[in-house]
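Architecture and fold: a report
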Amino acid sequence: MVFSGTATRYLAERICLSLGCPLGQLQITKFSDGEFAVSYEESIRGRDVFLVQSTFPNSDNLMELLLMIDAAKRASARTINAVIPYFGWARQDRKDKPRVSIGAKLVADLLSVAGVNRVITMDLHADQIQGFFDVPVDHLYASGVILPYLQSLHLDDLVIASPDVGGSKRANTYAKYLGCPLVLCNKTRARANVVATMQIIGDVEGKNVIIIDDMVDTAGTITKAADLMKDSGAKTVRACASHCVMSGPASDRVQESALEEIVFTDSIPYTQRCAKVKQLSVADMFAEAIRRVINNESISNLYIV
């Protein structure tokens, strides 16, 4: 049985359409002070339940998911599987300076204590976050939908770029699969969400460049990289990222940048208007993962890279 929180209902409906099953009946009651309560409107006793909810801001989405897990546990569900296309707080995966929290570990602990039996997610900011959980984690990759789209463009003189050194491993897998060179951007930050300096490592002159990243938040890094590559002689610059956070001035920055287009999955809904933004659905990929979990089949051959 598949259920959805408020924010990710659009994706849960597509997943259910792909699975050929109805979306479960779940009621979320909101009170005037902002508190809310979750109740299942049908029996889930002895059933395998899949709860679809991305935990992007605000934190109500995470709290909804925790209450859905707790209610399912108390309603005697056989297994409780959290389907989290976008796992929030993933950028807080280590102590990068003294006296800071590790938010990704805290969220993993919250989900475990609530009673989750399995997590299905996609393109974590850092792969090691899987180790924060004491339950199985099925980590899917957006490359399953992004790579076929890139191949459909039939671009010559293709170059894959990473907007920072930290994303080089991800970009390198794309470059190897497509058989093209890799270019890196070396950046320094003045503070969070603010890029101070950036330099290109590699040749982009006369090339069609595709920048690969896991998420775009304020779009400061990716638009700065695109403008720099265009100024360095790139023929065209496109970007692909798994998660469409796109907060604050992101849409305006993308629209005014040298980017031809920016491609995301629909792990997070995008409601703003920007002609350069394109979203590809991951509903079929998650539906197939759910189907294989139910049938105890391997998920690894879902991966392209």
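A brief look at the structure comes next.

Definitions and cut-offs
- Residues numbered from 1 in each chain as written.
- Predicted model: local features only at pLDDT ≥ 70, side-chain atom pairs only at ≥ 80, totals over all residues.
- Heavy atoms only, no water.
- Helix = DSSP H or I, 4+ residues; strand = E, 2+ residues; numbered from the N terminus.
- Expected span 1.5 Å × (residues − 1).
- Buried < 20%, exposed > 50% of the residue type's maximum accessible area, 1.4 Å probe, protein only.
- Contact = heavy atoms within 4.5 Å.
- Phe/Tyr/Trp six-rings, centres within 6.5 Å; stacked < 30°, edge-to-face > 60°.
- Lys NZ or Arg CZ within 6 Å of the ring centre and 35° of its normal.
- Disulfide = S-S within 2.5 Å.
- Pairing = 2+ DSSP bridges.
- Axes fitted to C-alpha atoms, helices over the stretch in contact; angles between N-to-C directions.
- Core = buried A, V, L, I, M, F, W, Y, C linked by side-chain atoms within 4.5 Å.

**Focus: helix H2 (residues 60-74)**
For H2, with 15 residues, the first-to-last C-alpha span of 21 Å sits near the 21 Å given by 1.5 Å per residue. Residues Asn61, Leu62, Glu64, Leu65, Leu66, Met68, Ile69, Ala71 and Ala72 constitute the buried set of H2. On the buried face of H2, the contacting elements are strand S1 (2-4), strand S2 (26-30), strand S3 (36-40), strand S4 (48-52), strand S5 (79-84) and helix H3 (103-114). Remark: Ser76 follows H2 within two positions and exhibits a positive phi of approximately 65 degrees.

**Brief notes about the packing of aromatic side chains**
Applying the stated criterion across every chain, the model contains three aromatic pairs. Between Phe87 and Phe133, the aromatic rings sit 5.8 Å apart at their centres with planes inclined by 65 degrees, giving edge-to-face as the arrangement. Separated by 46 residues along the polypeptide, Phe87 in the loop between S5 and H3 and Phe133 in the loop between strand S6 (118-122) and strand S7 (137-140) bring together distant segments of the chain. Each member of the pair, Phe87 as well as Phe133, carries the same accessibility label: buried. Between Tyr141 and Tyr303 the ring centres are 5.1 Å apart and the planes differ by 90 degrees, which places this aromatic pair in the edge-to-face class. Of the two residues, Tyr141 is situated in the loop between S7 and helix H4 (143-152) and Tyr303 in the segment after helix H8 (283-294); the sequence distance between them amounts to 162 residues. What makes Tyr141 partly exposed here is its relative accessible area of 25%. On the accessibility criterion, Tyr303 (32% relative accessible area) is partly exposed. In this structure, Lys30 is placed above the aromatic ring of Phe36, and the distance from its NZ or CZ to the ring centre is 4.7 Å.

**Observations regarding the state of the cysteines**
By the definition in use, this model includes zero disulfides. Among the cysteines around Cys16, which has no disulfide bond, Cys21 carries the closest sulfur, lying 4.1 Å off.

**Notes on the sheet that holds S1**
Spatial ordering of the open sheet is given by S1-S4-S5-S6-S7, a layout of five strands whose pairing is parallel. Strands with a single pairing partner mark the edges of an open sheet, and in this sheet they are S1 and S7. The sheet shows a mean angle of 20 degrees between the axes of neighbouring strands, taken without regard to direction. By the bridge criterion, four bridges tie S6 to S7 in an arrangement that is parallel. Looking across to S7, one finds that Ile120 is bridged to Asp138. Running over the sheet, H2 touches S1, S4 and S5 and is turned about 165 degrees from S5. Relative to the sheet, H8 contacts S4, S5, S6 and S7, its axis offset from that of S6 by approximately 155 degrees.

**Let's talk about the nonpolar core**
Core analysis: the biggest nonpolar cluster contains 40 residues, and Ile120, Leu140 and Phe286 have the highest contact counts within it. Going through the elements one at a time, helix H1 (9-19), S4, S6, H4, strand S8 (158-162), helix H5 (168-178), strand S11 (208-216) and H8 are the ones with two or more residues in this core. The element best represented in this core is H8, accounting for seven residues. Setting aside its immediate chain neighbours within four residues, Leu140 contacts Ile120, Thr121, Met122, Asp123, Met285, Phe286, Ala289, Ile299, Leu302 and Tyr303.

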